[in-house]
Amino acid sequence: MNLFLRAIAILRFCFYVGLILVSLGSLSGMFLVFYIAKDLPKLPSPLSKIIETPQTQIYASTGQILIHLGERQAVSLDMVSKNFINAILATEDHLFFKHRGINKLRTLKALYITLTSPSGKVEGASTITQQLAKNLFFSFKKTYARKFKELLVSLQIEASSTKEEILQTYINQIHFGAGAQGVEKAAQVFFGKTALDLTLPEAALLAGLPKSPTNYNPFRHYDLALKRRDIVLNRMVQAGFISDAEARQAMLAKPELQHEQSDSRTGSYFLDALIRELISKYGEDVVYHGGIKIYATLDTRLQSYAQQSLKKGLENLDAMMGITDGAADHPQGAIVAIDTGSGAVKAMIGGRDYYESEFNRAVKSRRQPGSGFKPFLYYTALKDLGFHPATVMTDKPVLIPVKGAADWEPKNFSKTFTGRIILKKALTESVNTVAAQMVEKVGPDAVVRTAKTCGIESPLQEVYSVALGTSNVTPFEMAAAFSVFATLGVKHEPFLFWRVEDAYGRIIFEHIVQEKRVLDPSITYQLVDMMKSVIDTGSGKSIRQLGFHRAAAGKTGTTDNFNDAWFTGFTPTLCVSVWTGFDKERKLLDRNNIGITGGRGAAPIWADFMMNAVNSDPERDFPIPDNVHFETVDAVTGCPPDGQGEGREQMSVPLKTEQQLCRDEQ
Amino acid sequence: MARYWYEPLSYSEWFKRIFSFLNIALFLLTAIFFISEFRFDWFEKLVGSYLVSTNEVRPETGAIWEIGKQTTNAHESLKTMVNKNEDIRQTANAAGSFSELVSGLLPGEWVTLERQQFKTLYLSLEKSSSLKIIDPASLVWLLNGSDLDRIFCEGIKGGIKIFFIDRENRVIKEIELQKEDIIEIENADKPLAGILTDIAGFRDRIYPARIFFDALLKLPAEIIPDLIVNPEALLEQEGKLIRVGIFNEAVNGYIKLGFEFEAPGGEQVVFLKGREWAVWQLSLNLKGEAK
């Protein structure tokens, strides 16, 4: 009896205490609701409005859309594969259509586990609505206050939206990793298809990602992603969405990933440079959230050729150097193509593989151009000293005293000296001693001035060796500066976009192609003729050997230590600069330990690109100015051949009307 | 009256007490409370409805609103840019003179000028002055014969640049106009208070009006219209013509002539431009008159 009475008493006590506690809990809950409600975030109406941010679109000059920025590709539920909807419901919240924002039993269970777990493990029980509330309004900091607010917001979401609206908003904003937000974007990023076309294995794989987008990133951890996918499929079976057989069949499938655009990064060095410029001009908000339209200068055809040529060229370089696929360090490269008639950048590749390294070597990497800088010196000498291509110099050991420093004693690449030589031949063969003598005469400041006039913006040291390319420049600058030679002295500022419009097509900015004559056309023509010889018979002759036979001029560049190999050259319409080298201090040496020059490393890339790039253009040569005529001279004496120098090379040189042959300058 | 609780003395007593009306009611109410909550989710609905009712007065905070604000900022920035461009466009295309056009364009600002507006501004200038901007033949070619697509004006420090642009956005012709030059061009035919001898460039070539006109009227009749190209300014000027000066420099094939009037408000000099070769003929006559 006593035992029975005691039990009754305990029961009674528990009941009343429970009742009081529940009452107090309810009262304090009500109080909390009123207290916290005023600080809760306002909900937009309709809820889907939050994902309707306008996209900024960037178009190529050829009309294709290159990229959408600030993109949230929202899709309605009927544009999403049923497989995915079932998979995400089974994984995240299979009772979604039955609750009003919280799954009470699951919450109580989670609360019990959280409170009783000795390890302090926090059990999650968030419904899709709660997750949506958290993703939209709250930080990921785990606090009870945040949890409570999140719960309240989810109740409001349920009270103000239909289940379909909530689910639609949810699937359009969840993060799947690899920068993909929203199911449509994720379907495109991972599988290159729309959300509507997702198969069961693909849908299940995607539905498993939001739990841990980084750890299950299929691009990096494909096996883990598949394991997670199998868990999703099992849950779909448990939730009754699919049969066991269907799940087993789906588990056998290995969805093929789309590797072309493996994440939401631009995937393009050109676009990175363009976006950076746009941001500096208009600010991030306008660029990413303004829904503007940008008409870029990029020619997708040329960009594709540039990509292929650089890839092929660098692979050849690997083979030349004996670098295998698995090696830690591969040579890098950059290529920039500029339309000489306008300054429009038609193609830009800033590295071997964007997804391995986003560092844009085309515009950010300043490297020594070596002999690639000599054309600035030659122009200066032709202009300031009255030299012409047949002016005779002497290729001999040179020692130039430098004030406050050691004497400068430049050496030829060949380590030999040829004696008397005309300028055209000296540039063709890239003779350093002749260049050194010229820079001593004109002064390094004059050479720097010419380079800057042509568009070199990097700081250049006014030292003698600047003429041999010891000051660092970027491939972009080299392409821009050499395009001034291509137009015989007319400078066009290089630019990346033609026009910017707002969402309604109103013009915000327009690039006007302005011409500025900065170099003398006749002297520039003489220089261009000498640079043509570089390609025809000189250090860049590999270009002709590779089959590029159009009128073109250029200059190779190799640094003393073989760290950099350049070729910058142009046709009358397109100027292209190619750089190859290692990011780190490392020489470009072939298997026989012989240094790789610009002629071997960069020129073949240039040739391969140009053969495709100008293939469909009409052939044309550089226009000869009216006051220029050609004479054939002996490459040693600079005089018309007199029959005495049998076997000596003869060269055709352009001379201005007032210029005379056989005037030895030394 | 206090009633003290006592322990039931029998099982029936216990039974009665446990299943008393109060206990059953309390238990049922509690059960209904929980069951109805699980069944109908009324608590969630109640709280949800309350929060919906307070939604409008709550702050726009949280990640998603931040993105919304960025969009708003972007739209405001764009709107400002577009409105500014539109204002400039309207001002430029309503400008009555090149100086008004220059005043409406700050450095870095730009506008596409309608062809008709450019023509109007150009034709509003006195013929000899308009040559300083662009010669008529070039303008005719640009406007009617070339590949001109539009006329683009950009504000620069102290003036404007006018670009004649083809369909490929290439500049066919570029004109730079400094504000002070434009003002001088536009005011070329405006009277100036003062006398000829105070104006540099006329000294030593100032003639009494009688001598000047005697020499002028001796010229063949077909030359005289080339000497006094726009006589309106002279005809409109009040007062007596005292002296006439010939400027010592020719610009664009014209030479400035200064006509000094003794007007009620003081001396005024009215400027006209005569064709260089006609002024040269006149000068020969004047030398003869002077002798």
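Conventions adopted
- Residues numbered from 1 in each chain as written.
- Chains lettered and ligands numbered in written order.
- Predicted model: local features only at pLDDT ≥ 70, side-chain atom pairs only at ≥ 80, totals over all residues.
- Helix = DSSP H or I, 4+ residues; strand = E, 2+ residues; numbered from the N terminus.
- Rg over C-alpha atoms; globule rule 2.2 N^0.38 Å.
- Buried ≥ 20, exposed ≤ 12 C-beta atoms within 10 Å, placed from the backbone.
- Contact = placed C-beta atoms within 7 Å.
- Nonpolar A, V, L, I, M, F, W, Y, C, P; charged D, E, K, R; others polar.
- Domains from an automatic or database assignment.
- Pairing = 2+ DSSP bridges.
- Axes fitted to C-alpha atoms, helices over the stretch in contact; angles between N-to-C directions.
- Core = buried A, V, L, I, M, F, W, Y, C linked by C-beta atoms within 7 Å.
- Expected span 1.5 Å × (residues − 1).
- Arc of directions from axis to C-beta.

(A) Examining the overall build of chain B more closely. From N to C terminus, chain B includes 13 helices and nine strands. A compact globule built from 291 residues would reach a C-alpha radius of gyration of about 19 Å, whereas chain B, at 44 Å, exceeds it by more than 25%. Along the first, second and third principal axes, the C-alpha atoms of chain B reach 160 × 50 × 25 Å. Buried positions account for 24% of the 291 residues belonging to chain B. A sequence separation of at least 24 residues applies to 58% of the contacts in chain B between residues at least 6 apart.

(B) Layout of the interface of chain B and chain A. In this assembly, 37 residues from chain B lie in contact with 41 residues from chain A. The greatest single-element share of the side of chain B that touches chain A, amounting to 14 residues, is contributed by helix H4 (residues 63-94) of chain B. Considered class by class, the residues forming the side of chain B that touches chain A number 17 nonpolar, 14 polar and six charged.

(C) Expanded view of the domain arrangement of chain A. Splitting chain A by domain gives domain 1 (72-252) and domain 2 (370-471 + 629-666). Using C-alpha coordinates to define each centre, domain 1 of chain A is positioned 70 Å away from domain 2 of chain A.

(D) The sheet that holds strand S17 (residues 564-570) of chain A, seen in detail. All names here are of chain A. Strand order in the open sheet formed by five strands is S7-S6-S18-S17-S16, and the pairing between neighbours is antiparallel. Strands with a single pairing partner mark the edges of an open sheet, and in this sheet they are strand S7 (345-349) and strand S16 (553-558). On average, each strand axis in the sheet is inclined to that of its neighbour by 5°, with strand direction left out of account. Pairing geometry for S17 and strand S18 (residues 574-581), over seven bridges, is antiparallel. Residue Thr-568 lies in a different strand from S18, and its bridge partner there is Ser-577. Along the sheet, helix H13 (residues 300-321) contacts strand S6 (332-339), S7 and S18; its crossing angle with S6, the most-contacted strand, is approximately 150°.

(E) Layout of unusual backbone geometry. Of note in this structure, Ser-430 of chain A is not a glycine but carries a positive phi near 55°. Backbone geometry at Asp-41 of chain B places phi at a positive 55°, although glycine is not the residue there. For Asp-41 of chain B, the position within the fold is in the loop between helix H2 (21-40) and helix H3 (42-54). Asp-41 of chain B sits in the partly exposed class, given 19 other C-beta atoms within 10 Å.

(F) Spotlight on the pairing of strand S1 (residues 56-59) of chain A. Residues and elements named next belong to chain A. Only one face of S1 is covered, namely the face carrying Thr-56 and Ile-58; the face carrying Gln-57 and Tyr-59 is uncovered. Here S1 pairs with strand S5 (residues 293-296) via three bridges, running parallel. What sits directly across from Tyr-59, in S5, is Tyr-295.

(G) Looking closely at the pairing of S5 of chain A. Sheet topology note: the S5 of chain A/strand S13 (residues 497-501) of chain A ladder contains four bridges and is antiparallel. The residue bridging Lys-293 of chain A from the neighbouring strand is Glu-501 of chain A, located in S13 of chain A.

(H) Highlighting the environment of Gly-192 of chain A. In this fold, Gly-192 of chain A is placed in the loop between helix H7 (183-191) and helix H8 (200-208). Sequence spacing of Gly-192 of chain A and Glu-256 of chain A is 64 residues, and the spatial spacing of their C-alpha atoms is 9.6 Å.

(I) Spotlight on the nonpolar core. By size, the foremost hydrophobic cluster in this structure holds 130 residues, and its most contacted members are Ile-335, Val-336, Ala-337, Val-576 and Trp-606 of chain A. With nine residues, the top contributor of residues to this core is helix H18 (residues 475-486) of chain A. Apart from residues lying up to four places away in sequence, Trp-606 of chain A is in contact with Ile-543, Phe-567, Gly-569, Val-576 and Val-578 of chain A. Grouped together as the second largest cluster of nonpolar side chains are 59 residues, Ala-87, Ile-174 and Leu-198 of chain A together with Val-47 of chain B included.

(J) Just the domain arrangement of chain B, in detail. As far as domains go, chain B holds domain 1 (12-50), domain 2 (74-184) and domain 3 (189-290). With centres defined by C-alpha atoms, the gap from domain 1 of chain B to domain 3 of chain B works out at 113 Å.

(K) Looking closely at H13 of chain A. Residue and element names in this part refer to chain A. In a regular helix each residue adds 1.5 Å, so 22 residues correspond to 32 Å; H13 covers 31 Å between its end C-alpha atoms and thus fits that length. For H13, the complete set of buried residues consists of Leu-302, Gln-303, Tyr-305, Ala-306, Ser-309, Leu-310, Gly-313, Leu-314 and Leu-317. Looking straight down H13, one finds that the buried residues subtend no more than 155° of arc, so they occupy a single side. Counted as exposed and oriented over 90 degrees from the buried face of H13: Ser-304 and Ala-319. Of the residues trailing H13, Gly-322 is marked for its positive phi of about 75°.

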